[in-house]
Amino acid sequence: MEWHAAPVGDSGAEQPVDVPGRPAAFAGEEAVRYTAAADVPADAEAATLVLDGVYARAEVEVTGDRLGGEGPVEHDAYFEPVRVPVRPGGSLEAAVTCHAPRDRFGGLHDTDLVPDEQAVPGVWWDARLETHPLPAVADLQVRPERTEAGARLHVRTTVVTGGPLEERVTYSLRPEGELSTRGMMERGAVEVDGPGLTTVEHTIEVRDPALWWPHPLGAQHRYTLAAKLGDSERSVTTGICEVAREDGRLLVNGEPLPVRGVNLLTDDPADVERALEVNATLVRGHAQALPPAVYEACDEAGLLVWQDLPLTGPGEFDVARGEELAARLAARYGTYPSLAAVGVHDDPVDAFTDGLGSGLLDRLRLRWRAWRTSYDRTAAEAVADAVPDGLASIPVVGGPGVDHDAAAYYPGWDYGEAADLDRLLERYPADLLAEFGAGALADEGDSLGPKHDARVDGGAEASQAHQAGVLAAVAGRARRRGAGAVAFALRDPAGSGARGERKAGMGVYAADGEPKAGRDALATAFEPVQAFVDPASGAAVVVNDRPEPLAATLSWAAGDETGERELEADPMGRWAGDLSVPTGAEDVELELAVDGWTVATGSEL
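In this convention, every chain numbers its residues from 1, walking through the sequence in written order. Note on the predicted model: pLDDT of at least 70 is required for a residue's local features to be given, and 80 or more for side-chain atom pairs to be given and counted; whole-chain, interface and lining totals, by contrast, use all residues. Each side-chain value is worked out from all heavy atoms of the structure, with water and hydrogens disregarded.

The definition of a nonpolar core used throughout is a set of buried Ala, Val, Leu, Ile, Met, Phe, Trp, Tyr and Cys residues joined through side-chain atoms within 4.5 Å. To sort residues, take the accessible area from a 1.4 Å probe on protein chains only and compare it with the maximum for the residue type: under 20% means buried, over 50% means exposed, and anything in between is partly exposed. Core analysis: the biggest nonpolar cluster contains 129 residues, and Trp306, Tyr409 and Phe436 have the highest contact counts within it. Here this core takes six residues from helix α8 (residues 460-480), the largest share from any one element. Ranked by size, the runner-up nonpolar core spans 27 residues in total, among them Val73, Val86, Leu92 and Val123. Numbering of helices and strands starts at the N terminus; helices are DSSP runs of H or I of at least 4 residues and strands are runs of E of at least 2.

Okay, structure coming up:
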């Protein structure tokens, strides 16, 4: 289909655009109208226009003999696809009017964290015209649930019909790849009164299932579920995985997995490989819904996904709307075994307006008094209750003084120095850092504003060195204390928007995918086996995030003094011991030798 578009209210001519896509020419527009036409093959019994990632609110008009409805189709959850079925009859014409958010659920793309080019109202992920017989399976979703007897698959099958129907859908489940468990088959009833789209639910019991595991813990076993109705068949790939949260870790199928993660401000599947390069076990869709392609890549790689609702920043929100979106989000993404957690409200309070003061120097000085912010978490907890069992829920992510479930702490960037994390966690305890880090220029001539300039005296090299130092210090201190850590962010969003000078951000990769110095610093701090020094005591802590026992040699150097220790640690365990570092030493270099390879780090004392 060839698409054209123009801003709503613009009397000028439409221009050709790529759909799916985010036409940069419309950056900053409140509403954009997209139009297209296509010939429907004469031998098709029906056709369905499928639009995925329609941001943020839309009306979809399709000419022709609509199956089961008249007038525009209203759409308000961009992570769910729009489906408009019609009977064939010559040319199909479509008009899609996309609006910027009008409620609190615009999420990341309704903030200045991403350039305007990345927030253009439009169809972001997919646009296609499907032809099929009648009746047909239009969509298939499955949410696996572990049970004492094995597992249960909660299946939602959307069918398109040309009239009343009493039929049965045949479901078949087969293992993927080298998985040797047996498949199964059963049938479920479909009763439809008239033409259009209808969703039916069915439950499939699975005995002795093979589980999907994140890559540090095991294999990524998956199944393909197929649904057949008449001559139509659709299939999805899924996996069985149960996640809960406990003391800063995730319990995956009952086994602990330490959280080492990165926030995603982008939605490119290529970033999954970049997350693995920094030794992450988890990616967080920061106040945005990630597209299916990212989930598919995470399923294959064994990387967990923390999926936020698109809700961020101070202000009240419609609880009923939040509960609805949480349930719909879990249904859409529950098919993917990598979905581990659902976050509700991100950064509900600005600590600087009720604690540190609003001035830049006030922020950087970090006044060590007790910050207290007024925030009623009742609404976020109510929305979190809509998240189904088998997923971890995280109602609130917030800064110091907020009654949060995961912390957004930025020592070394918003306030104080990176080494202040220990003090910060003593005063405002948290077992999970959902956000930390610092901004860094990607190239000379980039800009990050006065906060960056107050921290860095120099160009891109000095900027990246500062970011690397903050990431290493904060991630190291968090891991030494046993807290999960999710850095902010993996990659800078592309584009400049209304701030034409902005070409850099909080990512450890630049917008074009080139690594900054912070990439290596974070990867080292996130090594599954790593050693850290306790600044208060000078003792060492070795963290073993592997599911097997650790036997290693720890060597240290402080000035002209050196030493060595043999150590052992349990699976997913820790070792602590005194290094006898000389009094007065300012820093210590550590080298950990494990199974023929070494990992090195350095710490200020």
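Attention now goes to the sheet that holds strand β7 (residues 82-86). Strands belonging to one sheet form pairs held by backbone hydrogen bonds; the direction of such a pair is parallel or antiparallel. Note on pairing: DSSP must find at least two bridges between two strands before they are called paired. Across the sheet, which stays open at both edges, the three strands sit in the order β7-β4-β9 with antiparallel pairing between neighbours. Taken across any chain shown, the strands that pair with only one partner, and hence form the sheet edges, are β7 and β9 (122-132). Within the sheet, the average angular offset between the axes of one strand and its neighbour, ignoring direction, is 15°. Pairing geometry for strand β4 (residues 46-55) and β7, over five bridges, is antiparallel. Note on geometry: axes are C-alpha line fits, over the in-contact stretch for helices, and angles between N-to-C directions span 0 to 180 degrees.

Turning our attention to the packing of α8 against helix α9 (residues 517-525). Interhelical geometry of α8 versus α9 gives an angle of 15° and a closest axis separation of 8 Å. In terms of their interaxial angle, α8 and α9 are classed as roughly parallel. Taken as a pair, α8 and α9 cross one another with a handedness that is right-handed. On the side of α8, the interface is formed by Gln464, Gln467, Ala468, Leu471, Ala472, Ala475 and Arg479, while α9 contributes Ala517, Gly518, Ala521, Leu522 and Ala525. Should an angle lie under 35 degrees it is considered roughly parallel, over 145 roughly antiparallel, and from 65 to 115 roughly perpendicular; all remaining angles are considered oblique. What makes a crossing left-handed is the near helix being turned counterclockwise from the far one by less than a right angle; a clockwise turn instead makes it right-handed. In what follows, a contact means two residues having at least one pair of non-hydrogen atoms within 4.5 Å.

For a helix, the expected span equals 1.5 Å multiplied by the number of residues minus one. Its 21 residues place the ends of α8 30 Å apart at the C-alpha level, agreeing with the 30 Å of an ideal helix rising 1.5 Å per residue. Within α8, 16 of the 21 residues are buried, leaving the element largely enclosed by the surrounding structure. Gly482 lies just past α8 and shows a positive phi near 85°.

Looking now at the environment of Val262. One can find Val262 in strand β20 (residues 260-264). Exposure remark for Val262: the relative accessible area of 0% places this residue in the buried category. Considered as a pair, Val262 and Glu435 are 173 residues apart in the sequence and their alpha carbons are 8.3 Å apart.

In this section: the sheet that holds strand β28 (residues 529-533). Strand order across the open sheet formed by three strands is β28-β29-β32, with antiparallel pairing between neighbours. Looking at the sheet topology across the chains shown, the edges are occupied by β28 and β32 (574-577). Averaged over all neighbouring strand pairs, the angle between strand axes comes to 15°, with direction disregarded. The strands that α8 touches are β28, β29 (540-544) and β32; relative to β28, the one it contacts most, it runs at about 95°.

Looking now at the pairing of strand β27 (residues 484-487). Where burial is concerned, the two faces of β27 agree: the one with Gly484 and Val486 and the one with Ala485 and Ala487 are both buried. Bridging between β20 and β27 involves three bridges; their strand directions are parallel. In the sheet register, Arg260 faces β27, and the bridge partner there is Ala485. Of the pairings in the sheet, the one linking strand β26 (residues 432-435) to β27 comprises two bridges and is parallel in character. Bridge assignment links Leu433 to a residue of β27, and that residue is Ala485.

By convention, a stacked pair of Phe, Tyr or Trp rings (six-membered ring in the case of Trp) has centres within 6.5 Å and planes under 30 degrees apart, an edge-to-face pair has planes over 60 apart, and any other such pair is tilted. Tallied over the entire structure, the rule returns 11 aromatic pairs. Considering the side-chain rings of Tyr78 and Phe79, the 6.4 Å spacing of their centres and the 65° angle between planes classify their relative orientation as edge-to-face. This pair shows no difference in class: Tyr78 is buried, exactly as Phe79 is. Where Tyr333 meets Tyr336, the ring centres are 6.4 Å apart and the plane angle is 40°; that geometry is what we call tilted. With respect to class, Tyr333 is no different from Tyr336; both count as buried. Counting every residue linked through ring pairs, the aromatic cluster contains Tyr55, Tyr78, Phe79, Trp124, Trp125, Tyr295, Tyr333 and Tyr336.

Now for the pattern of salt bridges. Opposite charge on two side chains makes pairing possible when the charged atoms of those side chains draw close. Just to be clear on terms, a salt bridge is a Lys or Arg side-chain nitrogen sitting within 4 Å of an Asp or Glu carboxyl oxygen. All chains considered together, the criterion is met by 41 salt bridges. Measuring nitrogen to oxygen at the nearest pair gives 3.3 Å for the salt bridge that ties Arg321 to Asp103. Of this pair, Arg321 sits in helix α3 (residues 319-333) while Asp103 is found in the loop between β8 (91-99) and β9, placing the two residues 218 residues apart along the sequence. We classify Arg321 as buried; its relative accessible area is 13%.

With that settled, the discussion passes to the side chain of Asn253. Along the chain, Asn253 turns up in the loop between β18 (249-252) and β19 (255-258). Polar contacts involving the side chain of Asn253 include one to the main-chain carbonyl oxygen of Trp212, which spans 3.0 Å. Apart from residues lying up to four places away in sequence, Asn253 is in contact with Arg146, Leu211, Trp212, Trp213, Ile240, Cys241 and Glu242. Under this definition, polar contacts are N or O atom pairs within 3.5 Å; protein pairs additionally need one hydrogen-donor-capable and one acceptor-capable atom, and for neighbouring residues in sequence, both atoms have to be side-chain atoms.

Our focus in this paragraph is the layout of surface pockets. Taken as a whole, the second largest pocket encloses approximately 560 Å³ of empty space. Taken together, 24 residues make up the lining of the second largest pocket; nearest its centre are Val236, Pro292, Glu296, Arg332 and Tyr336. Only β4, β9, β10 (136-147), β16 (232-238) and α2 (292-301) provide two or more residues apiece to the lining of the second largest pocket. For the lining of the second largest pocket, the leading source of residues is α2, giving five residues. Here a cavity is any set of points on a 1 Å grid over the protein atoms alone where a 1.4 Å probe fits but cannot get out, and a pocket is any open set with protein on both sides within 12 Å along at least 5 of 7 lines; a residue lines the site when it has an atom within 4 Å of a point. Grid points are joined across faces, edges and corners, and a volume is the space filled by probe spheres set on the points.

By the secondary structure assignment, Ala478 is in helix α8. Using a relative accessible area of 0% as the deciding quantity, one classes Ala478 as buried. Taking C-alpha positions, Ala478 is 8.4 Å from Leu432, a pair spaced 46 residues apart along the chain. If we skip the residues at most four places from it in the chain, Ala478 touches Leu421, Leu433, Ala483 and Ala485.

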